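These are the residues of each chain, in order.
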Amino acid sequence: MRHRSVADLMTPAAVAVQRGTSFKEIARLLDEYGITAVPVVDDDNRPVGVVSEADLLRRHSAKGGPSTAEAMMSSPVVTARPSWTAVEAARLMERQRVKRLPVVDADGRLIGVLSRSDLLQLFLRRDRSIQEEIREDVLVRILRLAPSAVHIDVDEGRVTLSGTLERKTLGPILVRLCETVDGVVEVVDRLVFEGPEGTPEATGAAGAAGQG
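Quantities reported herein were computed from a predicted structural model and do not represent experimental measurements. (Residues numbered from 1 in each chain as written. Predicted model: local features only at pLDDT ≥ 70, side-chain atom pairs only at ≥ 80, totals over all residues. Heavy atoms only, no water.)

Colleague: I would appreciate a short explanation of the confidence of the model for the protein chain in the present structure.
Modeller: Low pLDDT marks stretches whose predicted atomic positions should not be read closely. Per-residue pLDDT for the protein chain has a mean of 88; in total, 90% of the residues score no lower than 70. Under a pLDDT of 50 for its full length, residues 205-212 has, in the predicted model, 20 contacts with residues more than four places off or in other chains. (pLDDT = per-residue confidence, 0-100. Contact = heavy atoms within 4.5 Å.)

Colleague: What exactly am I supposed to notice about the environment of Leu165 here?
Modeller: One can find Leu165 in strand E8 (residues 158-165). Residue Leu165 is classed as buried on the basis of its relative accessible area of 4%. Along the chain, Leu165 and Leu145 lie 20 residues apart, while their C-alpha atoms are 9.6 Å from each other. Residues in contact with Leu165, not counting those within four places in the same chain, are Leu145, Val150, Leu170, Gly171, Leu191, Val192, Phe193 and Glu194. (Helix = DSSP H or I, 4+ residues; strand = E, 2+ residues; numbered from the N terminus. Buried < 20%, exposed > 50% of the residue type's maximum accessible area, 1.4 Å probe, protein only.)

Colleague: Whenever I open this one, the side chain of Arg100 confuses me. Can you help?
Modeller: The topology assignment puts Arg100 in strand E5 (residues 100-104). Residues within four places of Arg100 in sequence aside, it is in contact with Ile35, Thr36, Ala37, Met93, Val113, Leu114 and Ser115.

Colleague: Can you walk me through the pattern of salt bridges in this structure?
Modeller: A pair can form between side chains of opposite charge whenever their charged atoms are brought close. With the rule as written, the count across this model stands at nine salt bridges. Note that Glu32 and Arg28 form a salt bridge whose closest N and O atoms lie 2.4 Å from each other. Residue Glu32 and its partner Arg28 are both found in helix H2 (residues 23-33); the two are separated by four residues, about one turn of the helix. Overall, the relative accessible area of 40% leaves Arg28 in the partly exposed class. Among the salt bridges present, the one from Asp107 reaches Arg109, with a minimum N-O distance of 3.7 Å. (Salt bridge = Lys/Arg side-chain N within 4 Å of Asp/Glu carboxyl O.)

Colleague: In this structure, what is going on with the packing of H2 against helix H3 (residues 53-62)? I would like to understand it.
Modeller: Packed helix pairs are characterised by how far apart their axes lie and by the angle those axes make with each other. Put simply, H2 and H3 touch, their axes get as near as 11 Å, and they point 145° apart. Crossing hand, H2 versus H3: left-handed. Residues Phe23, Ile26, Ala27 and Leu30 of H2 touch H3, and the partners they reach there are Glu53, Leu56, Arg59 and His60. Its residues assigned to classes, the contact of H2 with H3 comprises five nonpolar, one polar and two charged. (Axes fitted to C-alpha atoms, helices over the stretch in contact; angles between N-to-C directions. Left-handed = near helix turned anticlockwise from the far one by under 90°. Nonpolar A, V, L, I, M, F, W, Y, C, P; charged D, E, K, R; others polar.)

Colleague: It is not clear to me how the sheet that holds strand E1 (residues 11-12) should be interpreted in this structure. Could you clarify?
Modeller: To summarise the sheet geometry, strands pair through backbone hydrogen bonds and adopt either a parallel or an antiparallel arrangement. Overall, antiparallel pairing links the three strands, which are arranged E1-E6-E5 in an open sheet. The open sheet has two edge strands with one neighbour each: E1 and E5. Pairing between E1 and strand E6 (residues 110-115): two bridges, direction antiparallel. Across the sheet, the residue bridging to Pro12 is Gly112, located in E6. Across the sheet, helix H5 (residues 86-96) touches E5 and E6, and the angle it forms with E5 is around 130°. (Pairing = 2+ DSSP bridges.)

Structure representation (structure tokens):
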């Protein structure tokens, strides 16, 4: 399975400002591009901070002091790399309590911005795409099962697995693998396995929730 990366989801050619950019110019850019924050870069296009709507409001309320990007920005800036998975970026956002991450190349230069709304694209995948990935990558390539071994139903990212497996241990493994597929919001396990007497028995993982 190939998880979509930061490079796949980020907004390239991000809007950025210099240290000396004024309050009004930053406010204009936020309004013009419909964004809530903007990276501040140095002369080499390396991020040195971020100015958000909240930073502008705080400066306006203070009614005093310099109103340049450098004076208002939050620093040091938390950045991401284009090769990271969406999960890595999301965890960093949660840990650092930020809503967007400037994305930098190997030299630390700004190449894009990843926002929470960009990450939400993962959950806008078509149900058919999710179904095909589970069948082709999870069932066939990883678990070496026939594509018809399990019935896969996907509705708005909610995956329901049904069918009969030969080994009970395959059920929880299949559920966990499905939970890691991009776009899956929940996995419902309705699988059964052939018991010692040939009687179908539940795998015991019904209704397992996905990781989101």
